[in-house]
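One-letter residues, chain by chain:
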Amino acid sequence: MTAMVKAEGVHKSYGPVQVLKGIDLEVAPREVFCLIGPSGSGKSTFLRCINHLEKINGGRLYVDGELVGYRQQGNKLYELKDREVAAQRRDIGMVFQRFNLFPHMTAVENVMEAPVQVKRETKSVARERALRLLDRVGLADKAGNYPSQLSGGQQQRVAIARALAMEPKLMLFDEPTSALDPELVGDVLDVMRSLAEEGMTMIVVTHEMGFAREVGDSLVFMDNGVVVEAGNPRDILTNPQHERTKSFLSKVL
Ligand code: ADP
Ligand code: MG
């Protein structure tokens, strides 16, 4: 079976600063893959490389069997054209810590925007799907609200619906609940849990260890640009093998 994401020795530097120092990992289709680690360890950078927001400097990164951003011919790599990059990005949904909704658009308009603009869908088809997705994230009654009229948790659920509107094969979550008031976290995690149950492949950067333990199929602990420990979330959270993992977990659990 083709991995949904495969990283082989992935390196990323900003000038002289090495941020990713050879990441190897594999995410299977339908897997919920949790990524934890201290601030600055390179988690966001890794997600951004998968989603073409950053270019890697070394190694290989594949999504669903395709090299991210490149085509290989023989042993030569050719950069993909903008149109080809756009096609790869279309299949990946990303949800950030900050929801980044368009403030001048209602919830349903936010969810419709990409299918209409990028896929040239008709507004009626896009609206129908958007309403269905808002219902799915528990916001059927908020379709006409502007972001400023929604709580942070509701805005984040609109952001999830917006990512799902492009019918992605992979969803990336970068600390989706970190900016939320504690009482709003549960609703967002519930939506992510139901997505997982429906078989969505997800990479989730999170500090929610309960979510990682209950929903995660795999857990990776990253520190300082390397994978320190990887395996079953229950095993790692109850019985970490490395000092750095132990020390990190003692601070967050
Ligand atoms: P994490 O998400 O694990 O907190 P990041 O991937 O955001 O970590 O950052 C990893 C390191 O890369 C940090 O030291 C950060 O300062 C650095 N970094 C991230 N983005 C840039 C950038 N655009 N330019 C320079 N350094 C960056
Ligand atoms: Mg980050």
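The paragraphs below set out a description of the structure included in this document.

Rules and cut-offs
- Residues numbered from 1 in each chain as written.
- Chains lettered and ligands numbered in written order.
- Predicted model: local features only at pLDDT ≥ 70, side-chain atom pairs only at ≥ 80, totals over all residues.
- Heavy atoms only, no water.
- Helix = DSSP H or I, 4+ residues; strand = E, 2+ residues; numbered from the N terminus.
- Rg over C-alpha atoms; globule rule 2.2 N^0.38 Å.
- Buried < 20%, exposed > 50% of the residue type's maximum accessible area, 1.4 Å probe, protein only.
- Contact = heavy atoms within 4.5 Å.
- Areas by Shrake-Rupley, 256 points an atom, 1.4 Å probe, with all protein chains shown as cover.
- Salt bridge = Lys/Arg side-chain N within 4 Å of Asp/Glu carboxyl O.
- Pairing = 2+ DSSP bridges.
- Axes fitted to C-alpha atoms, helices over the stretch in contact; angles between N-to-C directions.

### Regarding the overall build of the protein chain
1) Next: Helix and strand counts for the protein chain stand at 9 helices and 12 strands.
2) Next: Relative to the 2.2 N^0.38 estimate, which gives 18 Å for 253 residues, the radius of gyration of the protein chain is 18 Å and therefore close to what a compact globule would have.
3) Next: For the protein chain, the spread of C-alpha atoms along the three principal axes comes to 50 × 45 × 35 Å.
4) Next: When burial is assessed residue by residue, the protein chain has 51% of its 253 residues classed as buried.
5) Next: Relative to all contacts within the protein chain whose residues are 6 or more apart in sequence, the contacts with residues 24 or more apart total 63%.
6) Next: Accessible area for the protein chain stands at about 12000 Å²; split by element, carbon and sulfur atoms hold 46% of it.

### Some points on the pattern of salt bridges
1) Next: This structure, assessed with the given rule, holds 16 salt bridges.
2) Next: Among the ionic pairs, Lys 6 bridges to Glu 8, the shortest N-O distance being 3.5 Å.
3) Next: For Lys 6, a relative accessible area of 29% gives the class partly exposed.
4) Next: Owing to a relative accessible area of 31%, Glu 8 belongs among the partly exposed residues under this scheme.
5) Next: Glu 84 is the salt-bridge partner of Arg 71, the closest N and O atoms lying 3.5 Å from each other. Of this pair, Arg 71 sits in strand E6 (residues 70-73) while Glu 84 sits in helix H2 (residues 82-90); the two residues are 13 residues apart in sequence, bridging distant segments of the chain.
6) Next: The class of Arg 71 is partly exposed, set by a relative accessible area of 29%.
7) Next: Connected through salt bridges with shared partners, the residues Lys 119, Glu 121, Arg 129 and Glu 167 form a single ionic network.

### Observations regarding the sheet that holds strand E12 (residues 226-231)
1) Next: Here we have 6 strands laid out as an open sheet, ordered E8-E9-E10-E3-E11-E12, and mixed in their pairing. Two strands lie at the open edges of the sheet, namely strand E8 (92-95) and E12, each paired on one side alone. Geometrically, the sheet is characterised by an average inter-axis angle of 15° between neighbouring strands, direction not taken into account.
2) Next: In this structure, E8 lies alongside strand E9 (residues 170-174), joined through 4 bridges in parallel fashion. Across the sheet, Met 94 pairs through a bridge with Leu 172, a residue of E9.
3) Next: The sheet strands contacting helix H6 (residues 182-197) are strand E3 (32-36), E9 and strand E10 (201-205), and the helix crosses E10 at an angle near 150°.

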